[in-house]
Amino acid sequence: MTTTALYEIETSEGDDGTPHPVEQLWTPCADGAADSGFVAHRGLYVTGIDDATEDHLYPVAFIVLGHQRWADVIEAAAAYMSRIHGWRNLHLYPGDDPALLIPRIPRAVTTWGVFLRHPHDDHGCGCEWDGTWRMIWSPSTEPGAIPITALRHPAALVTAAGIPNPDEGAPATWAA
């Protein structure tokens, strides 16, 4: 197991006892972003994310690559919901009762993260996680960290998204 203070890259041991990474650091770029679940909207790359339980039908938060204006992130998140889930209203999930609409516009944060893709291309393991990736929040100084603007889905519980909170000392600032 290779460990840093903030995230771990899983390793496995080869037949000769040599450890090999089963995940790799990955930096999304324009060419690979769409293949990894990002939607391009007016030059922004946005995707929906779930919480640690991964049991939600719809995203509890959105991430946009780079540091973006708050209004642009909201627009990109709405475009993601429209394109992926056929739903434009950010204050509800598809199928929710419109009478229960509680207009909440969460604040976006600008932070940093690293993307880990499983498995490492050279050392596939054939498990259920093959070809998947996960993102881990990190300070800007971590190797492989890229800028990210994150926004909780307005219909999600505040605690569901796990987005860094600048008010609690997280390595993030409130988006302008």
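Since this is a predicted model, take the numbers as computed values, not measurements.

Conventions and cut-offs
Residues numbered from 1 in each chain as written. Predicted model: local features only at pLDDT ≥ 70, side-chain atom pairs only at ≥ 80, totals over all residues. Heavy atoms only, no water. Salt bridge = Lys/Arg side-chain N within 4 Å of Asp/Glu carboxyl O. Helix = DSSP H or I, 4+ residues; strand = E, 2+ residues; numbered from the N terminus. Buried < 20%, exposed > 50% of the residue type's maximum accessible area, 1.4 Å probe, protein only. pLDDT = per-residue confidence, 0-100. Contact = heavy atoms within 4.5 Å.

Peer 1: Before we move on, could you go through the pattern of salt bridges and cite the residues and values that matter?
Peer 2: All chains considered together, the criterion is met by two salt bridges. Between arginine 42 and glutamate 75 there is a salt bridge whose closest N-O contact spans 2.7 Å. With arginine 42 in the loop between β6 (39-41) and β7 (44-49) and glutamate 75 in helix α2 (residues 70-85), this residue pair connects regions lying 33 residues apart in the sequence. By relative accessible area, which is 70% here, arginine 42 ends up exposed. Judged by its relative accessible area of 26%, glutamate 75 falls in the partly exposed class. A salt bridge links arginine 69 to aspartate 72; the shortest N-O distance between them is 3.2 Å. By relative accessible area, arginine 69 is classed as exposed at 54%. Residue class for aspartate 72 comes out partly exposed when judged on its relative accessible area of 26%.

Peer 1: Explain the confidence of the model for the protein to me, using residue names and the numbers behind them.
Peer 2: Any residue range with low pLDDT should be treated as having predicted coordinates unsuitable for detailed reading. With 72% of its residues at a pLDDT of 70 or more, the protein shows a mean pLDDT of 76. Within the protein, strand β12 (residues 173-174) carries the highest mean pLDDT (90), whereas strand β1 (residues 2-3) carries the lowest (36). Low confidence marks residues 1-5, where pLDDT is under 50. Its contacts with residues over four positions away, or in another chain, come to nine contacts.

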